[in-house]
Structures are given as C-alpha cells and as structure tokens.
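# Inside the fold
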Amino acid sequence: MIKIRKLKKLLIIIITGLILCICGFVLLNYYKDYQRVAYSKEVSSLKNNVYDNSNKKSNNESVPVLMYHSICDDNDDNIMKVPKKQFDEQMKYLKDNGYHTLSANEFYNFLVNGKSIPKKSVLITFDDGYQNQYDNAYPTLKKYNFNAVLFIITNYLDKGTLYLKSSELKEMSQNGIDIECHTLNHAKLDKLSYEDQLKNLEESKNKLEGITGKSVRAIAYPYGEFNVDTVKAEKKDGYLMAFTTSGKWASNSKGLYAINRIYIFPQYNMKNFIDRVTNSNYSLFSQPIKMIKGAYDSFVK
C-alpha cells in the first residue's frame, strides 16, 4: 500500500510537471508570436512615417493661416465678431476632416527648416487679446485639442473687462496656445521712427515673456502696416517671423516678415470657410478689401 501511494504521488508530480511544461511552452510561443506581431506593426509604422510622404507637405507649398478677432454673439453686424456657434462649426469641420492645427514652432520649422507637416495643416491665429478669446474660443479649442496663436496688445492686459488678464494668458500658454506680440498699444508701426519701433517691440516682447516664461518670436502687424525699419527692429529684438493681414495662403515666398493670413468674417458661410482652408486659390470676390480695411480700422480704434 505504501508503495502504491508513493507511485501515485510520483505520477501526480510527473503529470503536474508535464502540464506546467506544456503550459509554459504554449505561453512562450504565444509571447513570441505577440512580439513578432508588435514588432511588425512598429516596423510598418516606421516605414510609413519615414518613406510615405504622400500625406506630407514640403516647405515649397503653402498653408492656410486663419485670422480671427472676437468670438462672441454680439448682434451688431461687426465684421470682426464671429459668433460662438459659427466658430465651433468651423473648428468641428477641421476636426472631422482630419486637420492638424500647427503650433507657432511647427509652422516656423516648416517654413525655415523644411520639417514636413501633414497635408491638411492649418495655423489658427487671433489678434488683439480680447476677453472673449478666453471665454469663448479657448474652450472650443480645448474641446477639439487644437493649437492656436494669440497676438496680444500688451498694454491692454489686465485693464477692464474687454481684454485678457495675465493669469489667463499664462493658463492658455500652458495648454497649447502660443502667446505672441501685437505691439504695446496697437501702433501703426510704419508711422513710428525706427527707435520707437524698436522700443515698442522690445517692451511688448519682454512683458509677454515675463508672463508666460516662454520666448516670444512672432508678431502680427496692427492694421497690417510695416516698413523696412519695422523688419530691422524685429530682427534686432529677436523676432523670427511676422504676420500681415494680406489674404491668400502663407508660404516662405515673401519672406518670414510678411506672412499672409486669411480673414475669417462672420459673413462667411461654411462653403466660404471650406473654400479658404481647402483651396489655396480661393476667390477674393466675397472679400471687398477696401470696405473690410475701413471697417477693421474703425473696429480696433
């Protein structure tokens, strides 16, 4: 009886050992298969990223740079005030159609260093630094996980309810929004001396950098006006690129200190908007330049 019990125990040990060996063998092979599949996918992904440039832009191509001002529901027919719902619909179109929203750094590296970007890329910009950009535009940008650039009039910060607060700038800067310069006081730079331009751009840049802790490297020209001295001052103050209010898509064909942007007005329907972000030769017919410039000048005064 004792021998039989010992034999049974031995058999149980042997069988258990065999089962464990078989399980270990199966698991090992499963793990190897998993590793092969994972490696294959990784290699495939790398190949696509490295060799498949069919969905990339080269820096001899142009990019739509959208220009907004106020995002609000005031019913005063102001051409600079895009309603919240309309803005959300435009951003939703970009999201639903696979657009990549560029950061200022990505845009610069594309133009200057030839870094490729997705074919469907867009740079979203806002001028002046209105409170409604934080209250209305920023939540929508966060909802769609979008980047954007705010060009700020620095002397208007923290004054009243119309313009942004420094704390709000800092928050946005930490969450995908680039904070850049729009001068101290929305000056017509071409009417200032070189020394005054230099001082204006330097003080504005320093103030914004003090708020965000990040370098300010871009400026949007108030009224779209600048001259040779402006560019000279920008270079001395460390600005790397500057944006105009001219229409059409942006490229490096006009240099880094005269970058085009596209007006986005509330009068545009979705067809107009889609035309501007999908067609580099979009029609300017619906944008009477003289009328728009006059309305713009009166709006920002």
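Before reading further, recall that the structure is shown in the block above.
Report on the accompanying structure. (Residues numbered from 1 in each chain as written. Predicted model: local features only at pLDDT ≥ 70, side-chain atom pairs only at ≥ 80, totals over all residues. Heavy atoms only, no water.)

For any two helices packed against each other, the geometry comes down to the angle between their axes and how far apart the axes lie. Where helix 4 (residues 131-143) contacts helix 5 (residues 166-173), the axes come no closer than 10 Å and their chain directions differ by 40°. If you check the angle between helix 4 and helix 5, you find them oblique. Like other packed secondary-structure pairs, helix 4 and helix 5 cross with a definite hand, here left-handed. Contacts between helix 4 and helix 5 involve Q131, Y134 and Y138 from the former and E168, E171 and M172 from the latter. By residue class, the composition of the contact of helix 4 with helix 5 is three nonpolar, one polar and two charged. (Axes fitted to C-alpha atoms, helices over the stretch in contact; angles between N-to-C directions. Helix = DSSP H or I, 4+ residues; strand = E, 2+ residues; numbered from the N terminus. Parallel < 35°, antiparallel > 145°, perpendicular 65-115°, else oblique. Left-handed = near helix turned anticlockwise from the far one by under 90°. Contact = heavy atoms within 4.5 Å. Nonpolar A, V, L, I, M, F, W, Y, C, P; charged D, E, K, R; others polar.)

Turning to the pairing of strand 2 (residues 65-68), a few remarks are in order. Where burial is concerned, the two faces of strand 2 agree: the one with V65 and M67 and the one with L66 and Y68 are both buried. Judged from the four bridges that link them, strand 2 and strand 7 (residues 121-128) form a sheet pairing that is parallel. Bridging across to strand 7, L66 finds its partner in I124. Judged from the two bridges that link them, strand 2 and strand 12 (residues 262-263) form a sheet pairing that is parallel. Opposite M67, over in strand 12, you have Y263 as the bridge partner. (Buried < 20%, exposed > 50% of the residue type's maximum accessible area, 1.4 Å probe, protein only. Pairing = 2+ DSSP bridges.)

Turning next to the environment of N260. With respect to the element layout, N260 can be found in the loop between strand 11 (241-243) and strand 12. For N260, a relative accessible area of 10% translates into the label buried. Between the C-alpha atoms of N260 and M67, which are 193 residues apart in sequence, the distance is 9.7 Å. With residues up to four places along the chain from it excluded, the contact list for N260 reads V65, T244, S246, G247, K248, W249, A250 and K254. Of the polar contacts made by the side chain of N260, one reaches the backbone oxygen of G247; its length is 3.5 Å. (Polar contact = N/O pair within 3.5 Å; in protein donor to acceptor, adjacent residues only side chain to side chain.)

Let's shift gears to the layout of surface pockets. Estimates place the volume of the second largest pocket at around 190 Å³. Lining the second largest pocket are 15 residues; nearest its centre among them are A104, D178, E180, K214 and S215. Where the lining of the second largest pocket is concerned, the elements lending two or more residues are helix 3 (104-113) and strand 9 (177-181). Top contributing element to the lining of the second largest pocket by residue count: strand 9, with four residues. Residues of the lining of the second largest pocket, tallied by class, amount to six nonpolar, five polar and four charged. (1 Å grid on protein atoms, 1.4 Å probe; cavity = no way out; pocket = protein on both sides within 12 Å on 5 of 7 lines; lining within 4 Å. Points joined across faces, edges and corners; volume = space filled by probe spheres on them.)

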